Amino acid sequence: MNKYNFSPGPATLDNSVLEIVNQNILEYENEGFSILEISHRSDIFENILENTKKNLKDLLNIPSNYKILFLQGGATFHNTFLAHNINLKKSTSNLVTGTWGKKTYEDFVKIRDSKEIFLKSSDISEFIKDPSLAVNQKTDYLHITSNETIEGIQLRNFDQIENDLIVDGSSDIGSYKFDWNNVAYIYAGAQKNLGIPGVTISIIREDFIEQNENPTYLNLSKLIDKDSLLNTPPTFSIYVLKLVTDWMLNAGGVEYFEKQSQDHSTNVYSMLSKYSDHVSLPVEEYARSKMNVVFNFKNEQIEKLFLEESLENNIIGIKGHRSVGGIRISLYNSIDKPAVEYLLKFMSSFFEKL
Ligand code: PMP
């Protein structure tokens, strides 16, 4: 590939993964058919499904009292799905640290009562130390977005929050280890750290699952009973998820990617701090995302030039989200060291010219 793709997702995939996909699109492991044609009821696919779950368990250290479910509809479907699967007698609150958490809250309250807790990036470290300051009283479930992809705000130490959590981990799952003690439900679209669009991974603590009369695709307990095969699952996206998780395990697991994201993000943030005459970082240091580095140029013309020159240099996907503007550099797991070195070289030569 001749482009360096720092896009916020769907994101880049390691070449070794693409090569295996490429072979198996033509013919799956000498079986005489393509992976695109595989039946979800075949033994071969059931094997892929089991291995994908095993990989996730190994990678994320998932305790035995959790179930794994693969769904379609993206993380966005979860706003509706979750709100319909939490008993109305239970209370929920939504911690809003950015756009995606806000959207979840707005969808929740169309279906059930929920309390919004808005938090600025400057208040996050205080909140982690003492969530009671903002939550007031305990809520049965607190929904959080561990990484706000648009604003570049990350809530890394959420395992210290004393409340049962529902976590949207779409843009940072698989990039650090966390303790499962307070996690009732975590979900993530695969298309950033774990694969391609089409499949959303849900990992659910057994006590969260309640029977209800919801229609089929909104019925958590029925979907779990059928082990993601209640209807046709996104077979190809699950297959790619298997390949990406194989690749992650071979590379050294989550520890490896945690260190990698720490190194990459530190290098990018340090360079930006060096050129603070020209750029500003909108997020307080404690909450700065190691996955999506967001910054603004102080001069709009220079920002435009930066984007133009980045494209000329084969760097793609770094224009900030249309709602906030600026620049966003996404450093998901498949971004390797040579890619970051290339980016830093481009950035430093750009800044030095100013
Ligand atoms: N949550 C987060 C944190 C996201 O980054 C995104 C997508 N960028 C979403 C939710 C929505 O995901 P989807 O497009 O898969 O519905």
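Residues numbered from 1 in each chain as written. Predicted model: local features only at pLDDT ≥ 70, side-chain atom pairs only at ≥ 80, totals over all residues. Heavy atoms only, no water.

Concerning the side chain of Ser-93
Then, in step 1: Note on placement: Ser-93 falls in strand S3 (residues 92-96).
Then, in step 2: At a separation of 3.2 Å, a polar atom in the side chain of Ser-93 contacts the side chain of Thr-139.
Then, in step 3: Excluding residues that lie within four positions of it along the chain, Ser-93 makes contacts with Ser-114, Lys-115, Ile-117, Thr-139, Tyr-141, Leu-142 and His-143. (Helix = DSSP H or I, 4+ residues; strand = E, 2+ residues; numbered from the N terminus. Polar contact = N/O pair within 3.5 Å; in protein donor to acceptor, adjacent residues only side chain to side chain. Contact = heavy atoms within 4.5 Å.)

A closer look at the sheet that holds strand S14 (residues 327-330)
Then, in step 1: With antiparallel pairing, 3 strands are arranged side by side in an open sheet as S11-S12-S14. Both edges of this open sheet fall to strand S11 (279-280) and S14, since each of them pairs with a single strand only.
Then, in step 2: One ladder, built from 4 bridges, connects strand S12 (residues 292-297) with S14; its direction is antiparallel. Across the sheet, the residue bridging to Val-294 is Arg-328, located in S14.
Then, in step 3: Most of the contacts of helix H9 (residues 253-274) go to S12, to which it runs at about 15 degrees, and overall it touches S11, S12 and S14. (Pairing = 2+ DSSP bridges. Axes fitted to C-alpha atoms, helices over the stretch in contact; angles between N-to-C directions.)

Regarding the side chain of Asn-24
Then, in step 1: Note that Asn-24 resides in helix H1 (residues 15-26).
Then, in step 2: With a relative accessible area of 5%, Asn-24 lands in the buried category.
Then, in step 3: Here Ile-20 takes part through its backbone oxygen, which lies 2.8 Å from a polar atom of the side chain of Asn-24. (Buried < 20%, exposed > 50% of the residue type's maximum accessible area, 1.4 Å probe, protein only.)

Focus on the site of the ligand
Then, in step 1: The environment of the ligand is formed by Gly-74, Ala-75, Thr-76, Trp-100, Thr-145, Asn-147, Thr-149, Asp-168, Ser-170, Ser-171, Gln-191 and Lys-192.
Then, in step 2: The contact in question runs from an oxygen atom of the ligand to an N or O atom on the side chain of Trp-100, over 3.5 Å.
Then, in step 3: In this structure, Gln-191 approaches the ligand through a side-chain N or O atom, which is 3.1 Å from an oxygen atom.
Then, in step 4: In isolation the ligand offers 400 Å² of accessible surface; the protein chains occlude 82% of this area. (Near = heavy atom within 4 Å. Areas by Shrake-Rupley, 256 points an atom, 1.4 Å probe, with all protein chains shown as cover.)

Side note on unusual backbone geometry
Then, in step 1: The omega torsion of the bond from Gly-9 to Pro-10 falls at -5 degrees, within 30 degrees of zero and hence cis.
Then, in step 2: When you line up the elements, Pro-10 lands in the loop between strand S1 (4-5) and H1.
Then, in step 3: One non-glycine residue with positive phi stands out, namely Asp-227, at about 55 degrees.
Then, in step 4: Mapped onto the secondary structure, Asp-227 falls in the loop between helix H7 (220-225) and helix H8 (235-251).
Then, in step 5: The partly exposed category is assigned to Asp-227, whose relative accessible area is 26%.
Then, in step 6: Within the chain, Asn-314 stands out as a residue other than glycine whose phi angle is a positive 65 degrees.
Then, in step 7: Secondary-structure assignment places Asn-314 in the loop between helix H10 (300-312) and strand S13 (315-316).

Section: empty space enclosed by the protein
Then, in step 1: As enumerated under the stated definition, the model contains 3 cavities of 30 Å³ or more in all.
Then, in step 2: Volume-wise, the largest cavity comes out at about 50 Å³.
Then, in step 3: Contributing to the lining of the largest cavity are Ser-146, Phe-158, Val-167, Gly-169, Asp-172, Ile-173, Gly-174, Tyr-176, Phe-178 and Ile-186.
Then, in step 4: Its residues assigned to classes, the lining of the largest cavity comprises 6 nonpolar, 3 polar and 1 charged.
Then, in step 5: Empty space within the second largest cavity amounts to approximately 40 Å³.
Then, in step 6: Lining the second largest cavity are Phe-70, Leu-71, Gln-72, Tyr-217, Leu-223, Ser-228, Leu-230, Asn-231, Thr-232, Pro-233 and Pro-234.
Then, in step 7: Looking at side-chain class alone, the lining of the second largest cavity contains 7 nonpolar, 4 polar and no charged residues. (1 Å grid on protein atoms, 1.4 Å probe; cavity = no way out; pocket = protein on both sides within 12 Å on 5 of 7 lines; lining within 4 Å. Points joined across faces, edges and corners; volume = space filled by probe spheres on them. Nonpolar A, V, L, I, M, F, W, Y, C, P; charged D, E, K, R; others polar.)

A few points about the sheet that holds S3
Then, in step 1: Read from one edge to the other, the open sheet built from 7 strands follows the order S2-S10-S9-S8-S5-S3-S4, with strand pairing classed as mixed. One side of each edge strand has no neighbouring strand; the edge strands of this open sheet are strand S2 (66-71) and strand S4 (115-118). With direction set aside, neighbouring strand axes in the sheet form an average angle of 15 degrees.
Then, in step 2: Sheet topology note: the strand S8 (residues 165-168)/strand S9 (residues 183-189) ladder contains 4 bridges and is parallel. Of the residues in S9, the one forming a bridge with Ile-166 is Tyr-185.
Then, in step 3: Helix-sheet contacts for helix H2 (residues 43-60) involve S2 and strand S10 (200-205), and the interaxial angle to S2 is about 125 degrees.

Points about the nonpolar core
It is characteristic of soluble globular proteins that their nonpolar side chains tend to be buried jointly.
Then, in step 1: Counting 57 residues, the largest nonpolar core has Leu-56, Leu-60, Phe-70, Phe-158, Trp-180 and Ile-203 as the members making the most contacts within it.
Then, in step 2: The greatest single-element share of this core, amounting to 8 residues, is contributed by H8.
Then, in step 3: With sequence-adjacent residues up to four places away left out, Phe-70 is seen in contact with Leu-49, Thr-52, Lys-53, Leu-56, Val-199, Thr-200, Ile-201, Ser-228, Ile-238 and Leu-241.
Then, in step 4: If you look at the next biggest cluster of nonpolar residues, it comprises 27 residues, including Val-279, Phe-295, Ile-318 and Leu-343. (Core = buried A, V, L, I, M, F, W, Y, C linked by side-chain atoms within 4.5 Å.)

Things to note about the pattern of salt bridges
Then, in step 1: Applying the stated criterion to the full structure yields 16 salt bridges.
Then, in step 2: A salt bridge links Lys-242 to Asp-246, with the shortest nitrogen-to-oxygen separation between them at 2.7 Å. Here Lys-242 and its partner Asp-246 are both found in helix H8, 4 residues apart, which amounts to about one turn of the helix.
Then, in step 3: Since its relative accessible area comes to 25%, Asp-246 is described here as partly exposed.
Then, in step 4: Through salt bridges with shared partners, one network takes in Glu-50, Lys-53 and Asp-227. (Salt bridge = Lys/Arg side-chain N within 4 Å of Asp/Glu carboxyl O.)

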